Amino acid sequence: MVEPSGILGVTVVALGMVLTPGPNMIYLVSRSITQGRRAGLVSLGGVALGFVVYLLAANLGLSVVFIAVPELYFAVKLAGAGYLAYLAWNALKPGGVSVFSPQDVPHDSPRKLFTMGLMTNLLNPKIAIMYVSLIPQFIDLDKGHVLLQGLVLGSVQIVVSVAVNLSIVLAAGTIAVFLARRPSWLKVQRYAMGTVLGALAVSLAIDTSGPTKAS
């Protein structure tokens, strides 16, 4: 039902998004470094719930809209390409501070950590845009079952994002020390991710294929 190319595409997008420093990564790393791995894991639980909320909200609406108005495919494709280009620029532009630099933040209770993780994700604009503009591009209307395809592809994104963030939480302290001693490595990561995101943005922008209404 879901094409392997669609799963691969979502995986690449999810990796590009999760490896690009943003509110989720900054919050999880700061808590893991300043309050320990347990705090990072509790915070990650809130972030994961935020992904599920977006997954359900976006797909329940998109499954109807895409079938009724397939022309919206072109609009969301252009929006997705534009946002990927924006992320690529943020990764490639000079300057910037490592997300792994320790910060002075107060210690919070597990409940507050979970809630803050949830709210950080829900208020993260790049997550909203990803579910509304990027993931739907990998849905094949000819295959039918638009809602199920969206749920499957969204679940792939959640698995990739949670797995990467879990690794970051567990290794935050070690990574912080490593990057502090080798700042040039951070540039390599930024340039690599920026190049991948930029190439994907161009690919989506020049793709002239359009959807057809599923039977």
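What you see is a predicted model, and the numbers here were worked out from it, not measured in a lab.

### Thoughts on the overall build of the chain
Looking only at helices and strands, one finds eight helices and zero strands in the chain. Shown N-terminal to C-terminal, the secondary structure of the chain runs as helices and strands in the order α-α-α-α-α-α-α-α. Among the 215 residues that make up the chain, the fraction classed as buried is 44%. A sequence separation of at least 24 residues applies to 88% of the contacts in the chain between residues at least 6 apart.

### Points about the pattern of salt bridges
All told, the structure shown has two salt bridges when counted by the stated rule. A salt bridge links Arg31 to Asp108, with the nearest nitrogen and oxygen atoms 2.9 Å apart. Of the two residues, Arg31 sits in helix H2 (residues 23-35) while Asp108 sits in the loop between helix H4 (72-92) and helix H5 (110-122), which places them 77 residues apart along the sequence. On the basis of relative accessible area, Asp108 is assigned to the buried category, the value being 13%. Its salt-bridge partner being Lys112, residue Asp108 comes within 3.7 Å of it at the nearest N-O pair. Taken together, the salt bridges that share partners define one network made up of Arg31, Asp108 and Lys112.

### Observations concerning a nonpolar patch on the surface
On the surface, Leu49, Val52, Val53, Leu56, Leu60, Phe114 and Leu147 cluster together into a nonpolar patch covering about 530 Å² of accessible area. Looking at the nonpolar patch, the element that brings in the most residues is helix H3 (residues 37-68), giving five residues. Positionally, Leu147 belongs in helix H7 (residues 146-181).

### Overview of the environment of Tyr191
Mapped onto the elements, Tyr191 comes out in helix H8 (residues 183-206). Among the residues examined, Tyr191 registers a relative accessible area of 38% and is labelled partly exposed. Through-space distance from the C-alpha of Tyr191 to that of Lys93 is 8.9 Å; in sequence the pair is 98 residues apart. What Tyr191 contacts, discounting residues up to four positions off in sequence, is Ala91 and Leu92.

### Comments concerning the packing of H2 against H5
Relative to each other, H2 and H5 sit at 160°, their axes nearing to 9 Å. When the axes of H2 and H5 are compared, the pair comes out roughly antiparallel. You can see that H2 and H5 cross each other, and the crossing is right-handed. Packed against H2, whose contacting residues are Pro23, Asn24, Tyr27, Arg31 and Gln35, the element H5 presents Lys112, Leu113, Met116, Gly117, Thr120 and Asn121 at the interface.

### A few points about the nonpolar core
Counting 36 residues, the largest nonpolar core has Phe51, Met130, Tyr131 and Leu153 as the members making the most contacts within it. Secondary-structure elements contributing two or more residues to this core are helix H1 (4-19), H2, H3, H4, helix H6 (125-134), H7 and H8. Apart from the residues within four sequence positions on either side, Leu153 is in contact with Val2, Gly6, Ile7, Val10, Ile135, Phe138 and Ile139.

### Side note on the confidence of the model for the chain
Mean pLDDT over the chain: 77, with 75% of residues reaching 70 or higher. Counting contacts from residues 211-215, a segment whose pLDDT is below 50, to residues more than four positions away or on other chains yields eleven contacts.

### Section: H5
For H5, with 13 residues, the first-to-last C-alpha span of 18 Å sits near the 18 Å given by 1.5 Å per residue. Residues Leu113, Gly117, Leu118, Thr120 and Asn121 constitute the buried set of H5. Summarising the axial view, the buried residues of H5 lie within an arc of 165°, below the 170-degree limit, and thus occupy one face.

### Structural notes on the side chain of Ser161
With respect to the helices and strands, the residue Ser161 is situated in helix H7. A relative accessible area of 3% places Ser161 in the buried class. Apart from residues no more than four positions distant in its own chain, Ser161 is found in contact with Ala14, Val18 and Phe51.

What counts and how
- Residues numbered from 1 in each chain as written.
- Predicted model: local features only at pLDDT ≥ 70, side-chain atom pairs only at ≥ 80, totals over all residues.
- Heavy atoms only, no water.
- Helix = DSSP H or I, 4+ residues; strand = E, 2+ residues; numbered from the N terminus.
- Buried < 20%, exposed > 50% of the residue type's maximum accessible area, 1.4 Å probe, protein only.
- Contact = heavy atoms within 4.5 Å.
- Salt bridge = Lys/Arg side-chain N within 4 Å of Asp/Glu carboxyl O.
- Patch = residues over 30% accessible without salt bridge, like charges linked within 9 Å, V, L, I, M, F, W, Y side chains within 5 Å.
- Areas by Shrake-Rupley, 256 points an atom, 1.4 Å probe, with all protein chains shown as cover.
- Axes fitted to C-alpha atoms, helices over the stretch in contact; angles between N-to-C directions.
- Parallel < 35°, antiparallel > 145°, perpendicular 65-115°, else oblique.
- Left-handed = near helix turned anticlockwise from the far one by under 90°.
- Core = buried A, V, L, I, M, F, W, Y, C linked by side-chain atoms within 4.5 Å.
- pLDDT = per-residue confidence, 0-100.
- Expected span 1.5 Å × (residues − 1).
- Arc of directions from axis to C-beta.

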